[in-house]
Amino acid sequence: MMTDFLLLAQTNNGEGTLTPLLYLGAAVLFILGLKQLSSPRTARRGNMLASGGMLIAIVVTLIDNDITNWGTVIAGLLVGGTIGALLAIRVKMTSMPELVAAFNGFGGVASALVALAEIERTDALFEIETGVVVALSLAIGSITFSGSFVAFGKLNGSLPGQPILLPGGKIINALLALGAVAVSVWAIAADDAVAYWIVVAIALVLGVLAVIPIGGADMPVVISLLNSFSGVAAAMAGFVISNSALIIGGALVGAAGMILTLQMAEAMNRTIANVLFSGFGAVTGGPVSTGDKPVKSATPDDVAIALSYAENVIVVPGYGLAVAQAQHAVRELATLLEEKGVNVDYAIHPVAGRMPGHMNVLLAEADVPYDQLLDLDQSNPRFGQTDVVLIIGANDVVNPSAREDETSPIYGMPILDVDYASTVVVIKRSLSPGFAGIDNPLFYLDNTMMFFSDGKAAVESVIGAMANV
Amino acid sequence: MSAAFVSGIVVFVLAAFVGLEVISKVPPTLHTPLMSGANAISGITIVGAIIAAGVGEGTFAAVLGFLAVTAATINVVGGFLVTDRMLEMFKKKPGKR
């Protein structure tokens, strides 16, 4: 029954409407906290405000309910707090995408467990509307859980990053989704606890099968969407226990994740449906013919000379920078150049890396001031006046085919117009095509120098060569 | 539908619009901390988890409650801490302060 925890109702210990107001206060702190994330100057304070809101919500919950099993509650808080703190303190910035994926998963499973506990407490005797939100909490929470851990595996390399396409995958997923709906209807109509558990099982399988066919470079969209789901699951759990803090907090996170999802999809010129269902980047046919087109290979000395005599340099980082852990070396090179009077900025494509803002965090870790981190709209007008663009581990986001070749699969995707710069230096392991499996005409341009090497080793060798310039 | 449920829907819809307004103003450079911070906020489900663990009866309810509190706490503590760690690194150019 929901009456125990009615929204805006009398509380157990008779404090009247104070408790719901305190939950509202917590939700207001969440909103203020998110608002302060609109500037790097205030963002840290914003995060603290939001965590203060969370503390209020937790303390109110501990005081306001006639908790009998203190041991269970405290054990959960201690175990979870220790694991969470260790993960947060130890994670390397390059591994941030998989950590966020894991946290999404924990949030999702927590909401599903709250709904399961409610089923256990009430023997699944729900009003229809409560049954619906219970089923939604279970389904969304479980998909978020299993989907997030598949994403986690793809991001940390324990699962292959390439899309894994199962024959008839889309049909199987559609049938599973329909099955989850049908079993939910049965569960609600028959007040059947076992049926709710079947919903969980179907949703767990669906989460795995939905994320398995999605390739590594599409992870920014997937993580954002799972982030949104974890919020919606929390909001549904809020309906289950009739708590406004959960409903508001969950709705905020659902909205945040949805905005990011849309922005990431837009940055790839694709719809969310296309990202989720197309298996983009799956190996189809043979390797792309790169022909016998000549490329200009560069030595560290060539690059050092070009950079040293430049006035404006823009660094374009991609996922390869994270893989090579090259952010500190890049910062060291930039410092040397700045000492010579060269202007160094960084142009960051929205889908560079494996999650939104991934590159920005890595460069911030290497002490690059945030005012030198330019987004797509800020950087594109500048390339025409840029002497040298240094591309480290980026490929598809600087592929001019997206602008010029209507037959290209990535045609129409917004790119960084690096080819407008006087000189382009590309640091790359080999000529192999990028994630999308598309040849990059940028590599064969007259003003492009290719430096074939691991990102970090390449930058360090250029730093070494700078001494001789 | 009960009045409480309807008012819950009202709150949900309004909060979603507030979220869209507030979050569309977050610059791309802060998208990772936004995501981890928002993630920590979705850990608000810890409220439901504590109630489930605290007032549930029987072993199975206790197991569900314990797992719920643990997962939600990982999300809350880990999410806010790692967001703070990231935001601490975002600095302006020295001298421009």
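Rules used throughout
Residues numbered from 1 in each chain as written. Chains lettered and ligands numbered in written order. Predicted model: local features only at pLDDT ≥ 70, side-chain atom pairs only at ≥ 80, totals over all residues. Heavy atoms only, no water. Helix = DSSP H or I, 4+ residues; strand = E, 2+ residues; numbered from the N terminus. Rg over C-alpha atoms; globule rule 2.2 N^0.38 Å. Buried < 20%, exposed > 50% of the residue type's maximum accessible area, 1.4 Å probe, protein only. Contact = heavy atoms within 4.5 Å. Areas by Shrake-Rupley, 256 points an atom, 1.4 Å probe, with all protein chains shown as cover. Lys, Arg positive; Asp, Glu negative; His and termini not counted. Charge placed at Lys NZ, Arg CZ, Asp CG, Glu CD. Domains from an automatic or database assignment. Buried area = accessible area lost by both parts, 1.4 Å probe. Salt bridge = Lys/Arg side-chain N within 4 Å of Asp/Glu carboxyl O. Polar contact = N/O pair within 3.5 Å; in protein donor to acceptor, adjacent residues only side chain to side chain. Pairing = 2+ DSSP bridges. Axes fitted to C-alpha atoms, helices over the stretch in contact; angles between N-to-C directions. Parallel < 35°, antiparallel > 145°, perpendicular 65-115°, else oblique. Left-handed = near helix turned anticlockwise from the far one by under 90°. Nonpolar A, V, L, I, M, F, W, Y, C, P; charged D, E, K, R; others polar. Core = buried A, V, L, I, M, F, W, Y, C linked by side-chain atoms within 4.5 Å.

Quick word on the overall build of chain B
From N to C terminus, chain B includes four helices and zero strands. In chain B, the succession of helices and strands from N to C terminus is α-α-α-α. For 97 residues, the compact-globule estimate of 2.2 N^0.38 gives 13 Å, and chain B exceeds it by more than 25% at 18 Å. Its C-alpha atoms put chain B at 60 × 30 × 15 Å along the principal axes. Across the 97 residues in chain B, those meeting the buried criterion constitute 60%. The contacts of chain B with a sequence gap of at least 6 include a subset with a gap of at least 24, amounting to 70%. As presented, chain B carries roughly 3,500 Å² of accessible surface, and 71% of it is formed by carbon and sulfur atoms. Side-chain charges of chain B comprise 7 positive and 4 negative groups, with the mean position of each set lying 22 Å from the other.

Re the domain arrangement of chain A
Many authors give the size of an interface as the accessible area that is lost as the parts come together. Residue and element names in this part refer to chain A. You can read the domains of chain A as domain 1 (3–277) and domain 2 (300–466). Summarising the inter-unit geometry, the C-alpha centres of domain 1 and domain 2 are found 36 Å apart. Across the contact, 23 residues belong to domain 1 and 21 residues belong to domain 2. Buried area between domain 1 and domain 2, both sides added, is near 1,800 Å², and the carbon and sulfur share of it is 74%. It is Met93, Thr94 and Ala267 in domain 1 that bury the most area against domain 2; as a group they hold 30% of the surface buried on that side. At the junction of domain 1 and domain 2, the tally comes to zero salt bridges. Along the contact surface separating domain 1 from domain 2 lie four residue pairs in polar contact (both at pLDDT 80 or more).

Description of helix α14 (residues 358–365) of chain A
Residue and element names in this part refer to chain A. With respect to burial, α14 is a largely interior element, seven of its eight residues being buried. Looking only at α14, the buried set comprises His358, Met359, Asn360, Val361, Leu362, Leu363 and Ala364. Positive backbone phi, at 65°, marks Asp367, one or two positions downstream of α14.

Some details on the sheet that holds strand β6 (residues 448–452) of chain A
All names here are of chain A. Overall, parallel pairing links the six strands, which are arranged β3-β2-β1-β4-β5-β6 in an open sheet. At either end of the open sheet lies a strand with only one pairing partner, and these are β3 (373–374) and β6. Pairing of strand β1 (residues 312–317) with strand β4 (residues 388–392), which is carried by five bridges, proceeds in the parallel orientation. Within β4, the residue paired with Val316 across the bridge is Ile391. Against the sheet, helix α11 (residues 300–308) touches β1, β4, β5 (423–428) and β6, its axis set at about 135° to β6.

Description of unusual backbone geometry
Residue and element names in this part refer to chain A. Of note, the phi angle at Ser242 is positive, near 50°, even though the residue is not glycine. One can find Ser242 in the loop between α8 (219–240) and α9 (244–267). Residue classification places Ser242 among the buried positions, given a relative accessible area of 9%. The backbone of Asn269 shows a phi angle near 55°, a positive value even though the residue is not glycine. Relative to the assigned elements, Asn269 resides in the loop between α9 and α10 (272–277). Its relative accessible area of 41% is what places Asn269 among the partly exposed residues.

Quick look at the pattern of salt bridges
All names here are of chain A. Counted according to the given criterion, the structure contains ten salt bridges over all chains. Taking the shortest distance from any N to any O, the salt bridge between Asp345 and Arg382 comes out at 3.2 Å. With Asp345 in strand β2 (residues 343–347) and Arg382 in the loop between α15 (376–379) and β4, this residue pair connects regions lying 37 residues apart in the sequence. Taking relative accessible area as the criterion, Asp345 reaches 15% and is therefore assigned buried. Among the charged side chains, a network of salt bridges with common partners joins Arg403, Glu404, Asp417 and Asp419.

Re the pairing of β1(A)
Residues and elements named next belong to chain A. Where burial is concerned, most of β1 is hidden: five out of the six residues are buried. Here β1 pairs with β2 via four bridges, running parallel. If you follow Val313 over to β2, its bridge partner there is Val344.

Concerning the packing of helix α1 (residues 18–36) of chain A against α9(A)
Residue and element names in this part refer to chain A. The N-to-C vectors of α1 and α9 enclose an angle of 15°; their axes lie 8 Å apart at closest approach. Considering their axes alone, α1 and α9 lie roughly parallel with respect to each other. For the pair α1 and α9, the crossing hand works out as right-handed. When α1 is examined against α9, the residues Tyr23, Leu24, Ala27, Phe30, Ile31 and Leu34 are found in contact with a partner set consisting of Ser244, Ala245, Ile248, Gly249 and Leu252. Across the contact of α1 with α9, the residue classes tally to nine nonpolar, two polar and no charged.

Overview of the environment of Met219(A)
Among the structural elements, Met219(A) can be located in helix α8. For Met219(A), the contacting residues outside a window of four places in its chain are Ala151(A), Lys154(A), Leu155(A), Val211(A), Ile214(A) and Arg354(A).

Concerning the nonpolar core
Note on soluble globular proteins: their nonpolar side chains tend to be buried together. Formed by 158 residues in total, the largest nonpolar core has its most connected members in Met96(A), Tyr196(A), Leu307(A), Leu333(A), Tyr346(A), Ile44(B) and Val47(B). In terms of residue count, helix α4 (residues 96–122) of chain A provides more of this core than any other element does, 15 residues in total. Here this core gathers at least three residues from each of two domains, domain 1 (3–277) and domain 2 (300–466) of chain A. When sequence neighbours within four positions are dropped, the list of residues in contact with Leu333(A) reads Leu307(A), Leu390(A), Val459(A), Val462(A), Ile463(A) and Met466(A). Counting 30 residues, the second-largest nonpolar core is a separate cluster that includes Ile391(A), Val398(A), Met413(A) and Leu442(A).

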